[in-house]
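Commentary on secondary and tertiary structure
If you want the building blocks of each chain, they are given just below.
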Amino acid sequence: GPAVGLEIANVLEGREGMSVIEPEARGCIWRELIVNKKGLKTFIDRDGYGESDYSFTQEQLQKMVTELTRLINKYGSFPWDTKETAQTLVDLLTDHRNLISA
């Protein structure tokens, strides 16, 4: 959502080779592109499909869980465990793993 977009912009801002829009415009851009649907289509625009509508095999689901667990373990431990962005990623990956494990 917009909060994650702001976090990403804050991380990228000031980095060499990165151009980031001014902080004052970030909320407006989100509203126009996502809320008012003036940007590219996103997962939000996929009508009628939920997590349970996909027909993954048990083997595919297990491979997804294994990979998510690998990434959670990697970014949840040294040297990443002190970085806020890595911890946000771990939270998102954990939530997704919980969704597909249910």
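Refer to the preceding data block for the structure.
Below, the structure is looked at part by part. These numbers were taken from a predicted model, which means no experiment stands behind them.

Now for the packing of aromatic side chains. Per the stated rule, a full pass over the model turns up one aromatic pair. Seen from their ring centres, Tyr-75 and Trp-80 are 4.9 Å apart, and the 70° between their planes marks the pair as edge-to-face. Judged by relative accessible area, Tyr-75 falls into the buried class, the value being 18%. On the basis of relative accessibility, which here comes to 31%, the residue Trp-80 falls in the partly exposed class.

The next point concerns the pattern of salt bridges. Scanning the model with the defined rule gives four salt bridges in all. The salt bridge involving Glu-32 is made with Lys-38; its shortest N-O contact spans 2.8 Å. Taking the relative accessible area as the measure of exposure, Lys-38 reaches 61% and is therefore exposed. A salt bridge links Lys-63 to Glu-59, with the shortest nitrogen-to-oxygen separation between them at 3.6 Å. Separated by four residues within a single helix, Lys-63 and Glu-59 lie in helix α3 (residues 58-75), roughly one turn from each other. On the accessibility criterion, Lys-63 (56% relative accessible area) is exposed.

So, how was this worked out
- Residues numbered from 1 in each chain as written.
- Predicted model: local features only at pLDDT ≥ 70, side-chain atom pairs only at ≥ 80, totals over all residues.
- Heavy atoms only, no water.
- Phe/Tyr/Trp six-rings, centres within 6.5 Å; stacked < 30°, edge-to-face > 60°.
- Buried < 20%, exposed > 50% of the residue type's maximum accessible area, 1.4 Å probe, protein only.
- Salt bridge = Lys/Arg side-chain N within 4 Å of Asp/Glu carboxyl O.
- Helix = DSSP H or I, 4+ residues; strand = E, 2+ residues; numbered from the N terminus.

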